[in-house]
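Given next are the chains, with one letter for each unit.
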Amino acid sequence: MRTEAMNQNDITPEIIKAVPGTVGAIVALRWIAGPPTQRVMALVGGVAASYYGSAHVASLMGTDTGLAGFVVGLFGMALASKVFEGIAALNPSGLVERVLKRLGL
């Protein structure tokens, strides 16, 4: 059992890369409406957007990847939430029914 404090070298680089985006997505949860399942999936979307997009955004903005990860996580979460709202507005089951009715099926 380790009693000494864990230093940054003990944490894998992938986890370190994901932390700012995760924090940004968690902050964005405050403004996201919807059932818990939708909120969790939006959180996953925000974290994924941050993990894969933070380096690119950091190079475009000319800033640190941590800050870019936070911003992408924050706005990636909002984007994922709007995708869910758009899907709900389309009413996929009603859309399929209307198409089938129009085709005479």
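Bear in mind that the values here come from a model prediction, so they are computed numbers and not experimental data.

Let us look at the environment of threonine 22. Structurally, threonine 22 can be placed in helix H1 (residues 13-28). Considered as a pair, threonine 22 and glycine 73 are 51 residues apart in the sequence and their alpha carbons are 6.3 Å apart.

We now examine the side chain of serine 54. With respect to the secondary-structure elements, serine 54 resides in helix H2 (residues 36-61). We classify serine 54 as buried; its relative accessible area is 3%.

Looking now at the confidence of the model for the protein. Mean pLDDT over the protein: 83, with 90% of residues reaching 70 or higher. Per-element averaging of pLDDT across the protein places helix H4 (residues 92-102) at the bottom with 84 and H2 at the top with 88.

Turning our attention to the environment of glycine 46. On the secondary structure map, glycine 46 appears in helix H2. In this structure, the C-alpha to C-alpha distance between glycine 46 and glycine 73, residues 27 residues apart in sequence, is 4.6 Å. Not counting residues within four places of it along the chain, the set of residues in contact with glycine 46 comprises Ala25, Val72, Gly73, Gly76 and Met77.

What follows deals with the nonpolar core. Among the nonpolar cores identified, the biggest contains eight residues, and these are Ala25, Ala28, Leu29, Ile32, Ala42, Leu74, Met77 and Ala80. When contributions to this core are tallied by element, the ones reaching two or more residues are H1 and helix H3 (65-90). Top element by residues in this core is H3. It accounts for three residues. Apart from the residues within four sequence positions on either side, alanine 25 is in contact with Leu43, Gly46, Val47, Gly73, Leu74 and Met77.

The rules behind these values
Residues numbered from 1 in each chain as written. Predicted model: local features only at pLDDT ≥ 70, side-chain atom pairs only at ≥ 80, totals over all residues. Heavy atoms only, no water. Helix = DSSP H or I, 4+ residues; strand = E, 2+ residues; numbered from the N terminus. Buried < 20%, exposed > 50% of the residue type's maximum accessible area, 1.4 Å probe, protein only. pLDDT = per-residue confidence, 0-100. Contact = heavy atoms within 4.5 Å. Core = buried A, V, L, I, M, F, W, Y, C linked by side-chain atoms within 4.5 Å.

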